[in-house]
Amino acid sequence: MLFRSCAGAWMKAHEKDPIFLFLRLRELRTPMRLSRYGEGFLGKGRTPTSMDICDTALLDIDKRLGAFLDQIAQLPAADKRILCLTSLYGYDFTEPGRGSWRRGGTARRTLHESSLRVPLLIQAPGQAGRLRKVPVTLCDVAPTLLSFAGLSAPPNLDGADLLFQGDFRECVSVAGAPLALSMRSGPWRFTWQSGRDPKSLLLTGEASVLEFTNVQPAREDQAPPNYLAKEPALAAQMQKNLEAYLERRGAPAKKAR
């Protein structure tokens, strides 16, 4: 992994300049078993699972990233820097169709809570450490960093400045073709297949509810029950909210039946 030497050297060469540095690490895009990771979580005398391989790669990244952060902490004006660490997605190791966690499961990118719950760590001057209990999204990163830098966000930019965000959020994630959407609202996660093309937003198939769960059982590695029959009114409202979300982004009207 070259980011420590290359990025660190670049920052040192520009240590007196105002800079913006964006690093994208690809180690976990397709987790593989590499000799430079060492034994990690692979163990001896057994076949490693996909989670073992992913955890081993993540452990190596954690060590190298820590060394890189230590390196830039030694540069001048370290107390004036804004650092942001996050991930586009996690991996879902639950059993397909059941939702319960299983160590031998295949690593998948899904719209389940286990895949969408990713770290977002921001360190900024004058900000004490705290843990937000209200869900946030990656769309919040840009307006928040712009705010820290004393700049205004462009109009109509998705996301919110986390310094001023309230106590309630409805966070939307999207994936796939046709386009599926998942909304997190309080303890609820509602996942819906829109049946629309992800680029044109034209309706190309049937819409359907994929999942309606409470996130707490998922955090406790239990199979979350489907609340569609127990909370039909809430499910209907969340579906309407997702339909409105697409309409605000230019989704054409549904086909006449």
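Residues numbered from 1 in each chain as written. Predicted model: local features only at pLDDT ≥ 70, side-chain atom pairs only at ≥ 80, totals over all residues. Heavy atoms only, no water.

**Student:** Summarise the state of the cysteines; cite the residues concerned and give the values.
**Tutor:** Tallying each qualifying case throughout the model produces zero disulfides. Not part of a disulfide, Cys171 finds its nearest cysteine sulfur in Cys139, a span of 9.1 Å. We classify Cys171 as buried; its relative accessible area is 7%. (Disulfide = S-S within 2.5 Å. Buried < 20%, exposed > 50% of the residue type's maximum accessible area, 1.4 Å probe, protein only.)

**Student:** Could you give an account of the pattern of salt bridges, with specific residues and numbers?
**Tutor:** Taken as a whole and assessed by the stated rule, the structure comprises nine salt bridges. Salt-bridge contacts for Glu113 lead to Arg184; the nearest nitrogen and oxygen are separated by 3.1 Å. Residue Glu113 is found in helix H3 (residues 113-116), and its partner Arg184 is found in strand S4 (residues 179-185); the two are separated by 71 residues along the sequence. Arg184 gets classed as buried once you look at its relative accessible area, which sits at 9%. Here Asp140 makes a salt bridge to Arg169, at a shortest N to O gap of 3.0 Å. (Salt bridge = Lys/Arg side-chain N within 4 Å of Asp/Glu carboxyl O. Helix = DSSP H or I, 4+ residues; strand = E, 2+ residues; numbered from the N terminus.)

**Student:** So what's going on with the sheet that holds strand S5 (residues 188-196)? Which residues, and what values?
**Tutor:** Read across the sheet, four strands follow the order S3-S4-S5-S6 without closing on themselves; strand pairing throughout is antiparallel. The sheet terminates laterally at strand S3 (170-175) and strand S6 (208-214), the two strands that pair on one side only. Adjacent strand axes in the sheet meet at a mean angle of 15°, parallel and antiparallel pairs treated alike. Relative to S4, S3 runs antiparallel, the two sharing six bridges. Bridge pairing links Cys171 to Arg184 in S4. Along the sheet, helix H6 (residues 232-248) contacts S3, S4, S5 and S6; its crossing angle with S5, the most-contacted strand, is approximately 50°. (Pairing = 2+ DSSP bridges. Axes fitted to C-alpha atoms, helices over the stretch in contact; angles between N-to-C directions. Contact = heavy atoms within 4.5 Å.)

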